Amino acid sequence: MTAPRPDGPSGGSADSSAPAERRGRELEQGLASVRARVADAAAAAGRNPDDVTVVVVTKTFPPSDVLLLADLGVRDVGENRHPEARDKRGAVDRPGLRWHFIGRLQSNKARAVGAYADVVHSIDSAKVAERLGRGATDAGRTVECLVQVDLDPPGAHEGRGGVAPDALPALLAVVGSIDGLSLVGLMAVAPLGSAAAPAFERLREIQAAARSEFPAVRLLSAGMSEDLEAAVSAGATHVRIGRAILGSRPSLR
Ligand SMILES: *Cc1c(COP(=O)(O)O)cnc(C)c1O
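The structure displayed is predicted, hence computed values, not measured ones. (Residues numbered from 1 in each chain as written. Predicted model: local features only at pLDDT ≥ 70, side-chain atom pairs only at ≥ 80, totals over all residues. Heavy atoms only, no water.)

1. What about the overall build of the protein?
We count it as follows: We count a stretch as a helix when DSSP gives it H or I for four or more residues in a row; a strand needs E for two or more, and each element gets its number in order from the N terminus. For the radius of gyration, the atoms used are the C-alpha atoms, and the globule rule reads 2.2 Å times the number of residues raised to 0.38. Burial classification: accessible surface area is computed with a 1.4 Å probe over protein chains only, and a residue below 20% of its type maximum counts as buried, one above 50% as exposed, and the rest as partly exposed. Any pair of residues with heavy atoms lying within 4.5 Å of one another is described as a contacting pair. Computed by Shrake-Rupley with a 1.4 Å probe, the accessible areas treat only the displayed protein chains as cover when residues are assessed.
Helix and strand counts for the protein stand at nine helices and eight strands. At 19 Å, the protein has a C-alpha radius of gyration in line with the 18 Å of a compact globule built from 253 residues. Dimensions of the protein, computed from the C-alpha atoms along their principal axes, are close to 65 × 45 × 35 Å. Going through the 253 residues of the protein one by one, you find that 47% of them count as buried. Relative to all contacts within the protein whose residues are 6 or more apart in sequence, the contacts with residues 24 or more apart total 59%. Total accessible area on the protein is roughly 12200 Å²; 51% of this is exposed by carbon and sulfur atoms.

2. Structural notes on the site of the ligand
To keep it simple, the criterion reads: Summary of the distance rule: residues count as near a molecule or strand when at least one heavy atom falls within 4 Å of that molecule or strand. Here a polar contact is taken to be a pair of N or O atoms separated by no more than 3.5 Å, where protein atoms must pair a possible hydrogen donor with a possible acceptor and residues adjacent in sequence count only if both atoms sit in side chains. When residue character is reported, Ala, Val, Leu, Ile, Met, Phe, Trp, Tyr, Cys and Pro are called nonpolar, Asp, Glu, Lys and Arg charged, and the others, Gly included, polar.
Around the ligand sit Val57, Lys59, Ile102, Met224, Ser225, Arg240, Ile241, Gly242, Arg243 and Arg249, and that is every residue in its neighbourhood. One of the side-chain nitrogen or oxygen atoms of arginine 249 is found 2.7 Å away from an oxygen atom of the ligand. Its free accessible area being 390 Å², the ligand has 92% of it covered by the protein chains. Residues that form the shell around the ligand fall into these classes: four nonpolar, two polar and four charged.

3. Quick word on the side chain of histidine 100
On the secondary structure map, histidine 100 appears in strand β3 (residues 98–101). At a separation of 2.7 Å, a polar atom in the side chain of histidine 100 contacts the side chain of aspartate 76. Once residues lying within four places of it in the same chain are set aside, the contact partners of histidine 100 are Val55, Asp76, Val77, Gly78, Glu79, Val119, His121 and His238.

4. Concerning unusual backbone geometry
In terms of backbone geometry, most residues other than glycine have negative phi values and most peptide bonds are trans. Following histidine 82, the chain continues into proline 83 via a peptide bond in cis, with omega recorded as 10 degrees. Relative to the elements of secondary structure, proline 83 occurs in the loop between β2 (76–79) and α3 (84–92). With phi around 45 degrees, aspartate 93 is a residue other than glycine that occupies positive phi space. Mapped onto the elements, aspartate 93 comes out in the loop between α3 and β3.

5. A look at the packing of helix α1 (residues 18–44) against helix α2 (residues 63–71)
Formally: Between N-to-C directions, angles cover 0 to 180 degrees, with each direction set by a line fitted to C-alpha atoms, over the stretch in contact for helices. Throughout, the term roughly parallel applies to angles under 35 degrees, roughly antiparallel to angles over 145, roughly perpendicular to angles from 65 to 115, and oblique to all others. In this scheme the handedness of a crossing depends on how the near helix is turned from the far one: anticlockwise by less than a right angle means left-handed, clockwise means right-handed.
One way to put it is that α1 packs onto α2 with a least axis distance of 10 Å and a crossing angle of 60 degrees. On the basis of their axis angle, the class for α1 and α2 is oblique. As α1 packs across α2, the resulting crossing turns out to be right-handed. Counted together, Ala20, Arg23, Gly24, Leu27 and Leu31 of α1 and Asp65, Leu68 and Leu69 of α2 form the full contact between these two elements. Looking at the contact of α1 with α2 residue by residue, the class counts come to five nonpolar, one polar and two charged.

Shown next as structure tokens:
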């Protein structure tokens, strides 16, 4: 049943552009299906789908995928590690792309990230914020910042980052006061092993409370491939989607 594939050196129809075209079609389909999911979830929640930005998470995938995504109209890409993020941004070099740093940020790397990230979703300590701000001002730029909130029950820690909800206001005050940083919102990851919807509803309440004191906290980054519907339903303005667009990653995370 399997057709012979003309992919050997002697295969007369071998075409060096075919793999890129095939990958482009895969990415196009992944994007279309995610945009349809976002549109359905927004409609169900009575929201405008244009108010939800899909950040396409390209971690572990090559710069060539970012270029194909850019050709498909993607403007927001997400990376979770330094220096992979810096190197990929350098290799892609496309004006108009916004680079989001979404992974846990160690304080000894924060200054470097401040030199190139456009948006950082994962601020979870004053030390990280201060160093990120120093890196940004050294480079003469401003980084948009979301503070990551830990939605895991106390004690259930897996080192996924985030500040405890009761420590949030103090950290928002710090981030809001640092040169080179522009406070714009909150981010969270759904807790492992429990339903995303109630966690994201709680995040929405945390945002509403924070926003009454810090009006700048208007963006909400929540939702990944598995749980984007629950996030859009709870008011997410940014969903961070990797696998549903790019396919599965080599194990790592
Ligand atoms: C990898 C990652 C994502 C994307 O996850 P998928 O399951 O591939 O959609 C989103 N947010 C963070 C913080 C990540 O590290």
